[in-house]
Amino acid sequence: MTTIVIGLDGANWQMIDQWIEDGILPNLSQLIDTGIGGISESCLPPLTVPNWKCYSTGKNPGKLDVFRFDKINTDAREHTFHDATDFKSAELWEYLNEGGYTTGIINKPSTYPPKPVDGFVIAGGPDASNSEFRTLDSGFTYPADLADELRDSLDYSVHPSPMISPSEKGEDEVAAILELISSRFDAAEYLLKQSSVDFLHMTAFYNMALQHYFWRDEPVRRAWEVIDQNLSRFMNDGHDLIIMSDHGTCKVESVFYINVWLAERGYLATQRNIDNVLRTVGITRERALSVAKRFGLVDGLSTHVPEQLQKMVPWEEGIKRDRILSIIDWEKTDAVASTQGPVYLTPTSETPEFERLRETLITELTELSHPETGTVLINDVHRGEEYYTGSYASNAPDLLLEQGPNVHISDAVGPANWYASSGVWKGGNMPDGLFLMNGPSFRNGGLNQRANIVDIAPTILHLFDLPIPEDMDGKVLDVFSTTYNRPVEYGPPLERDHHSTLSETNEIAERLADLGYLE
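These numbers come from a predicted model, not from an experiment. Note that residues are indexed from 1 along each chain, following the sequence as it is written. Local features in this predicted model are restricted to residues whose pLDDT is 70 or higher, and side-chain atom pairs enter the listing and the counts only when it is 80 or higher, whereas totals over whole chains, interfaces and linings include all residues. Just so you know, side-chain values use all the structure's heavy atoms and leave hydrogens and water out.

### Things to note about the overall build of the protein
In terms of helices and strands, the protein carries 18 helices and 24 strands. Exposure categories follow from relative accessible area, calculated using a 1.4 Å probe and restricted to protein chains: below 20% of the type maximum is buried, above 50% is exposed, and the middle band is partly exposed. Put simply, the protein has 519 residues, and 61% of those count as buried. Whether two residues are in contact is decided by their heavy atoms: any pair within 4.5 Å suffices. Considering only contacts within the protein whose residues lie at least 6 apart along the sequence, 76% involve residues at least 24 apart. Per-residue and other accessible areas follow the Shrake-Rupley method at a 1.4 Å probe size, with only the shown protein chains counted as cover for residues. Accessible surface, the protein: about 19,400 Å² in total, of which carbon and sulfur atoms supply 46%. Note on conventions: DSSP H or I runs of at least 4 residues are helices, E runs of at least 2 residues are strands, and numbering of each starts at the N terminus.

Next comes the structure, spelled out in structure tokens:
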């Protein structure tokens, strides 16, 4: 028997419950009828990173020293993008290996570059990629030669081709994602037969790309039908099956352009540069990628156009991410924000001005509503070092914003107003995800449970009769059948040296820019 975890990026019950009721997802419905689960709440911000790592470590980001894909350092005026080596914690599979169990990890975000395990690792999207325009052909697996085996046996690819993007989301792009989702299940079934690991994790991931661009429209329903059909591969062999997500997805009904808001109130000052000029004359990244796709020049863009030049071409919505730092007038700027709400201040924390500024921003942001609809844009604002716990909590963003219902916070600089009713994404991120556990080890209990994403790892370790590391934040969930209803044991955490090998931020920035994912 293998314990199999199926990760579905951005999944939540609200999005799919009608399809379940209508009989469109019969396998998932069967698993619900005989399993136990409910809502799994993600850590702030509700993003792919850090939450897939919160799942695999059982810890909040304050113990990982990574709080999202990227981080703005206002002292050094740098934009850093993280890879797997930046997370300062052992993961679930390392504890399983230590306990004598073999493990396989397929396509989980934030696993690039892959670390050695007793088993195998296939690093996944969106981080395992050469650049915005080109997929990764090697170096994404452990052992290294597994990449050739997957390509020869399964025609495996890390990313879909053609790649979906804000300007290119037609049938070809949708079909490529549906095929890619199936290929993840192909790889899981193939490798499970080849290696018979004790624990297998597989993430679909690109269903989230469709949810961003289509919300619950027909392409998303098709993706979930593909997922449901493939679940049957693992349902009748006596495996323990766990289905879970990193966060949920909501319909975007309001967009808050936080950096535009900061600029209007004098907290952020910008200066004109090449990005502004290109956007003014209509040269945007979406248009460049659309033309390149049309004429078969996508690989040429990656090979012959320097990355720094690629990055100067703005998005249609505006200037984003690391390019924002290049247009900031730092001497006149007090605050700058990232997508989904982390805010970084320029005054140092040792100065009285720092806390006065934080208090002012907290007050103004919590009182903010959409001028036309009255929608609450921000549910709450937290001081980063108070929201997180752990040795690295002091490295957190200075402020964390909880988005209001159906609100997406964008970091774009360029829109005429700081608010809008729609943006690039139709589906945005929300904290409530899902989990469902089914198999001989679990009892039947419906979907009435409420958990935190950090609870999944200790629950799995308890399933394997292993002690829970004392530094994990999560708890063992009450989901087990009578056989596994035993006392929880605790033990010391594994000591691991985690040294970042990332010296250039450009590579990760471009990996994560695919499909507007860091929108």
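Picking up after the structure, the text goes on.
### Some words on the packing of aromatic side chains
The description of an aromatic ring pair rests on the distance of the ring centres and on the angle between the ring planes. When two rings of Phe, Tyr or Trp (its six-membered ring) have centres within 6.5 Å they constitute a pair, described as stacked for plane angles under 30 degrees, edge-to-face for angles over 60, and tilted for the intermediate range. Tallying each qualifying case throughout the model produces 14 aromatic pairs. The interplanar angle of 85 degrees and the centroid separation of 5.9 Å between the aromatic rings of phenylalanine 256 and tryptophan 418 together place this pair among those described as edge-to-face. Residue phenylalanine 256 is located in strand β13 (residues 254–257), and its partner tryptophan 418 is located in the loop between β18 (407–410) and β19 (419–420); the two are separated by 162 residues in the primary sequence. Taken together, a centroid distance of 5.0 Å and an interplanar angle of 75 degrees make the contact between tryptophan 418 and tyrosine 419 edge-to-face. For tyrosine 419, a relative accessible area of 19% puts it in the buried group. One cation-aromatic arrangement involves lysine 53 over phenylalanine 87; the distance from NZ or CZ to the ring centre is 4.9 Å. Comment: the charge-over-ring label is applied if NZ (Lys) or CZ (Arg) is within 6 Å of the ring centre and within 35 degrees of the ring normal.

### Examining the confidence of the model for the protein
Confidence of the predictor at the level of single residues is captured by pLDDT, which takes values from 0 to 100. Taken over all residues, the pLDDT of the protein has a mean of 88, while the share at 70 or more is 85%. pLDDT under 50 marks residues 498–519. Its contacts with residues more than four places away, or in other chains, come to 85 contacts.

### Re the packing of helix α1 (residues 13–21) against helix α2 (residues 26–34)
When two helices pack together, you describe them by how their axes are tilted relative to each other and by the distance separating the axes. Geometry is summarised by axes, namely lines fitted to C-alpha atoms with helices restricted to the contacting stretch, and by angles between N-to-C directions that run from 0 to 180 degrees. As a packed pair, α1 and α2 sit with axes 10 Å apart at the nearest point and diverge in direction by 105 degrees. Regarding the angle of α1 to α2, the classification is roughly perpendicular. Contact with α1, carried on its side by Trp13, Ile16 and Ile20, involves Leu28, Ser29 and Ile32 of α2 and no other residues of that element. For the contact of α1 with α2, the per-class residue count stands at five nonpolar, one polar and no charged. Angles are sorted into four bins: roughly parallel if under 35 degrees, roughly antiparallel if over 145, roughly perpendicular if 65 to 115, and oblique for all others. Each residue is assigned to one class: nonpolar for Ala, Val, Leu, Ile, Met, Phe, Trp, Tyr, Cys and Pro, charged for Asp, Glu, Lys and Arg, and polar for all the others, Gly among them.

### Here's the deal with unusual backbone geometry
A cis amide bond, omega -5 degrees, links tyrosine 142 with the succeeding residue proline 143. As for its position among the elements, proline 143 is in the loop between β9 (141–142) and α5 (146–154). Put simply, serine 161 and proline 162 share a cis peptide bond, and its omega is 5 degrees. The phi dihedral of asparagine 107 is positive, around 70 degrees, even though this residue is not glycine.

### Quick notes on the sheet that holds β19
When DSSP finds two or more bridges between a pair of strands, those strands are recorded as paired. With respect to topology, three strands assemble into an open sheet ordered β18-β13-β19, the strand pairing being mixed. The open sheet terminates on both sides in strands that have one partner only, identified here as β18 and β19. Where β13 meets β19, two bridges bridge the pair, whose relative direction is antiparallel. Counted as the bridge partner of valine 255 is alanine 420 from β19.

### A short note on the environment of glycine 474
Secondary-structure assignment places glycine 474 in the loop between β23 (468–469) and β24 (490–491). Expressed as a C-alpha distance, the spacing of glycine 474 and isoleucine 453, which sit 21 residues apart in the sequence, is 7.8 Å. Excluding anything up to four places from it in sequence, glycine 474 contacts Gly58, Val454, Asp455 and Pro458.

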